[in-house]
Amino acid sequence: MKKEDTVKLISAEGFEFVVDKNAAMVSQTIRNMLTSPGGFAETEHREVTFPEISTTILEKICQYFYWSLQYASGKETEFHIEPELTLELMMAANYLHT
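Residues numbered from 1 in each chain as written. Predicted model: local features only at pLDDT ≥ 70, side-chain atom pairs only at ≥ 80, totals over all residues. Heavy atoms only, no water.

Engineer: Tell me about the packing of aromatic side chains, residues and numbers included.
Structural biologist: If you walk through the whole model with that rule in mind, you get six aromatic pairs. Ring geometry for Trp67 and Phe79: centres 5.6 Å apart, planes at 45°, overall tilted. Taken together, the residues span a long stretch of sequence, with Trp67 in helix H4 (residues 55-72) and Phe79 in the loop between H4 and helix H5 (86-96) at a distance of 12 residues. According to the relative accessible area criterion, Trp67 is buried, its value standing at 19%. (Phe/Tyr/Trp six-rings, centres within 6.5 Å; stacked < 30°, edge-to-face > 60°. Helix = DSSP H or I, 4+ residues; strand = E, 2+ residues; numbered from the N terminus. Buried < 20%, exposed > 50% of the residue type's maximum accessible area, 1.4 Å probe, protein only.)

Engineer: Which residues make up the side chain of Ser27, and what values go with them?
Structural biologist: In this structure, Ser27 sits in the loop between helix H1 (21-24) and helix H2 (28-35). Here Thr29 takes part through its backbone nitrogen, which lies 3.3 Å from a polar atom of the side chain of Ser27. Filtering out sequence-adjacent residues up to four positions away, Ser27 remains in contact with Phe65, Leu96, His97 and Thr98. (Polar contact = N/O pair within 3.5 Å; in protein donor to acceptor, adjacent residues only side chain to side chain. Contact = heavy atoms within 4.5 Å.)

Engineer: I'd like to hear about the pairing of strand E2 (residues 16-20), residue by residue, with values.
Structural biologist: Inspection of the sheet shows strand E1 (residues 6-10) paired to E2 by five bridges, in the antiparallel sense. Along E2, the bridge assignment pairs Val7 with Val19. Here E1 folds back onto E2 in antiparallel fashion, the turn holding five residues, of which Gly14 has a positive phi close to 95°. (Pairing = 2+ DSSP bridges.)

Engineer: Which residues make up the nonpolar core, and what values go with them?
Structural biologist: Leu9, Ile30, Phe50, Ile53 and Ile61 are the most contacted members of the largest nonpolar core, which totals 22 residues. Those elements that provide at least two residues to this core are E1, E2, H1, H2, H4 and H5. With near-sequence residues (within four places) excluded, Ile61 lies in contact with Ile53, Leu89, Ala92 and Leu96. (Core = buried A, V, L, I, M, F, W, Y, C linked by side-chain atoms within 4.5 Å.)

The structure is reproduced here in structure tokens:
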């Protein structure tokens, strides 16, 4: 995978997730950050920092991005969410419009 085909998502703790750009675009918020005109840092560096999203939650969100792409292509599998993550995950998903 070429660097220009990836996006770096950074959690509140500074952990970096390098994901396929198409997967990250599942999120309308990330899509807007990466495609908006105006020379925003996110667009130029393909890097988005989420100071309010923990590493555990951002990891689950990245898993969801890939699951969503598979689901959209016809592969129907279950996406498991641990009950203790549900509230925090719902708040992050609301922010990310996923």
